[in-house]
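Descriptive analysis of the structure
Residues per chain are reported as follows:
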Amino acid sequence: MHTNFSHEQLQDPTIARADAMLKRCVHCGFCTATCPTYVLLGDERDSPRGRIYLIKEMFEQGAVTPPITHHIDRCLSCLSCMTTCPSGVDYMHLVDLARVRIEQKGRSPGQRATRWLLAKVLPSPGRFRIALLFGWLARPFRGLISALGMKTGAAALALVPSRLPPRRAPKHEPVVRPAGEPVKRVALLLGCVQEVLQPSINQAAIRLLKRHGVEVMMPSGEACCGALQHHLGRENETQKAARRNVDAWSSAFREGRLDAILTTASGCGTMVKDYGHLLARDRGYAERATEMSRLTRDITEFIYELGLLPPLAWTSLRVAYHPACSLEHGQQVGNEPRALLIQAGYTVLDVPESHICCGSAGTYNLLQPELAGQLRERKLKNVASVRPDLIATGNIGCITQLERGSAVPVVHTIELLDWATGGPCPKPLEKLKDKVHPIESLMQLAGAR
Ligand code: SF4
Ligand code: SF4
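Below is a short write-up of the structure.

This next bit is on the overall build of the chain. If you tally the helices and strands in the chain, you get 25 helices and 11 strands. Computed over the C-alpha atoms, the radius of gyration of the chain is 22 Å, within 12% of the 22 Å expected from 2.2 N^0.38 for a compact globule of 449 residues. Referenced to the eigenvectors of the C-alpha coordinate spread, the extents of the chain come out at roughly 80 × 50 × 45 Å. A sequence separation of at least 24 residues applies to 74% of the contacts in the chain between residues at least 6 apart. Only carbon and sulfur atoms are counted for the fraction: they give 55% of the accessible area of the chain, which is about 20000 Å². Distance from the positive charge centre (55 side chains) to the negative charge centre (42 side chains) of the chain: 5 Å.

Here it is, written out as C-alpha cells:
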C-alpha cells in the first residue's frame with residue numbers, strides 16, 4: 001500500500017511503525033472472506049482491508065474522525081485476517097496503534113467514562129465481585145436500563161451469571177508439588193476475571209499438571225495480564241500490568257529453574273506472548289519481557305508437548321470444540337487442544353465456520369452488544385448443526401459468551417482433560433456422567449466377548 005507521510009510525520013515512532021506495517025498490504029482482499037464483521041455487514045470499511053485504509057487516513061491526516069472510530073471499534077481483534085493474509089500484514093499491532101490513538105484523541109466524555117469504568121473494574125477481582133453483586137441485583141431492571149439507551153450497562157447485566165460465583169477467591173498454595181521429583185517447573189497465571197467467574201478452571205489445571213509430575217508456582221505479585229486494558233487502547237495501564245507480571249516471574253526465576261509460564265485463558269496467553277513487543281522500548285524490562293514471552297505457553301500446548309497421560313475412562317461424549325480466536329489466530333495453537341481431546345477419548349466434532357469469532361473478544365460483547373449477539377447466534381447455530389453433547393473451548397470470554405443461549409453445557413478444554421485422567425466431573429456436566437465409564441468396564445466388556 002502506498003503511503004503519503006511527510007518526513008516530519010515519520011519522525012514520530014508510532015507513525016514510522018504504522019508506515020512499515022501499512023506498506024505490506026497489497027490490497028488483495030483475501031482477508032475479507034474470513035473477517036466476521038465483513039461477513040455480517042458486507043461493508044468494506046468493516047473489513048480488514050477497509051480498516052487498514054482508515055488507519056492510514058487517520059495517521060496521514062492526523063485526525064480521528066467519528067467514522068474512523070466507529071469502524072475500528074467494530075473490529076473484534078480476532079486476528080482471523082492475520083491467519084489469512086498472504087503478505088504477512090501485522091494487523092494486530094497496526095490496529096493496536098490505531099486504538100491507542102483513538103483512545104487519546106477520539107472519545108466523547110461518555111465513552112471515556114464507560115471505558116474508564118471497565119478498565120478499573122474488570123481486571124480487579126475485588127471490584128469485579130462487587131460489580132457482579134450489584135449487577136445480579138439489577139438484573140430485573142435490564143429492560144429499563146436498555147430503554148434508557150445504556151447499552152453497555154444492559155449488555156453487562158445480560159452477562160451476569162444467574163448464580164453468583166463464590167464470594168471469595170479459592171486459596172492456592174504458592175507452590176504445588178507433585179509426588180516425586182518434578183519433571184517440569186512452571187508458573188501459572190491465575191488471571192482476573194476467570195478466577196472470579198470460574199475458579200474451577202485453574203483448579204483443574206493445577207490437578208492436571210500435578211498429575212503429570214509438574215511443579216506449579218503461583219508467584220506472589222502476578223495479576224491481570226493487561227489484555228482487557230489493551231483491548232480498550234489504554235497503553236500505559238497495559239504496560240503497567242505487564243511490568244508487574246514480569247517482576248513477579250523474575251522473582252520466581254531467582255528462586256530456581258522455570259520451564260514455562262502457563263496461561264489457562266487464551267486471551268491472556270496472546271497478551272503475555274506479546275510482552276516482549278509491548279515493552280520493547282523499555283530498557284529496564286525489554287530483555288526480561290522478551291524472555292517471559294518466549295517461555296509462555298497455553299496450557300494445552302504445554303500438556304501436548306509433555307504427553308497426556310492415558311485416560312482412565314471411556315466415553316461416548318460428542319464435543320464441539322470451539323477454537324478461541326486468541327488461541328487459534330493469536331497464538332496459532334490449533335491442533336493441540338483438538339488432539340488432546342481425542343487422546344482423552346472424546347469424539348471431537350468439526351463445527352462449520354469454526355474460524356469465525358463467537359463475539360466475546362475482550363470487552364467487545366459489552367461495547368458492541370448487537371454485533372456480538374449476532375456472532376453468538378451464528379456460532380451457536382453452527383454448533384447445534386453437529387449435535388454435540390457439550391462445547392469445549394480455551395477462553396473464559398468465549399465460555400461466558402456462549403453459555404448464554406447454548407442448549408448444551410460449555411466447559412474449558414482443561415476441565416475435560418482433568419476429568420478424563422482422574423479429576424472430578426466438571427459441574428456443568430453432572431447430567432452427562434452416565435456417558436462416561438471406567439476403563440476397566442470396557443476391558444470387562446471386551447473379555448466377555
Ligand atoms: S481482527 Fe477480526 S474483526 Fe478485525 S479486521 Fe481482522 S478479521 Fe476483521
Ligand atoms: S489479505 Fe493482507 S495484503 Fe491482502 S488486503 Fe488483506 S491485509 Fe492486505
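This part is about the site of ligand 2. For ligand 2, the set of nearby residues contains 13 residues, the closest of which are Cys25, Cys28, Gly29, Cys31 and Cys85. One can see that ligand 2 is located within the largest cavity. In the shell around ligand 2, the residues fall into 9 nonpolar, 3 polar and 1 charged.

This brings us to helix 14 (residues 235–254). Relative to the 28 Å expected for 20 residues at 1.5 Å per residue, helix 14 spans 29 Å between its end C-alpha atoms, a close match to the ideal helical length. Of the residues making up helix 14, those classed as buried are Thr238, Gln239, Ala241, Ala242, Asn245, Val246, Ala248, Trp249, Ser250 and Ala252. Immediately downstream of helix 14, the backbone of glycine 256 shows phi near 150°, a positive value.

Right, let's get into the pairing of strand 9 (residues 390–393). Within a regular strand, the side chains alternate between the two sheet faces. Of the two faces of strand 9, the one holding Leu390 and Ala392 and the one holding Ile391 and Thr393 are both buried throughout. Sheet analysis places strand 9 next to strand 10 (residues 410–412), joined by 3 bridges and oriented parallel. Residue pairing for strand 10: threonine 393 is matched across the bridge by histidine 412.

Thresholds applied
Residues numbered from 1 in each chain as written. Chains lettered and ligands numbered in written order. Predicted model: local features only at pLDDT ≥ 70, side-chain atom pairs only at ≥ 80, totals over all residues. Heavy atoms only, no water. Helix = DSSP H or I, 4+ residues; strand = E, 2+ residues; numbered from the N terminus. Rg over C-alpha atoms; globule rule 2.2 N^0.38 Å. Contact = heavy atoms within 4.5 Å. Areas by Shrake-Rupley, 256 points an atom, 1.4 Å probe, with all protein chains shown as cover. Lys, Arg positive; Asp, Glu negative; His and termini not counted. Charge placed at Lys NZ, Arg CZ, Asp CG, Glu CD. Near = heavy atom within 4 Å. 1 Å grid on protein atoms, 1.4 Å probe; cavity = no way out; pocket = protein on both sides within 12 Å on 5 of 7 lines; lining within 4 Å. Sits in = over half its atoms within 2 Å of the grid points. Nonpolar A, V, L, I, M, F, W, Y, C, P; charged D, E, K, R; others polar. Expected span 1.5 Å × (residues − 1). Buried < 20%, exposed > 50% of the residue type's maximum accessible area, 1.4 Å probe, protein only. Pairing = 2+ DSSP bridges.

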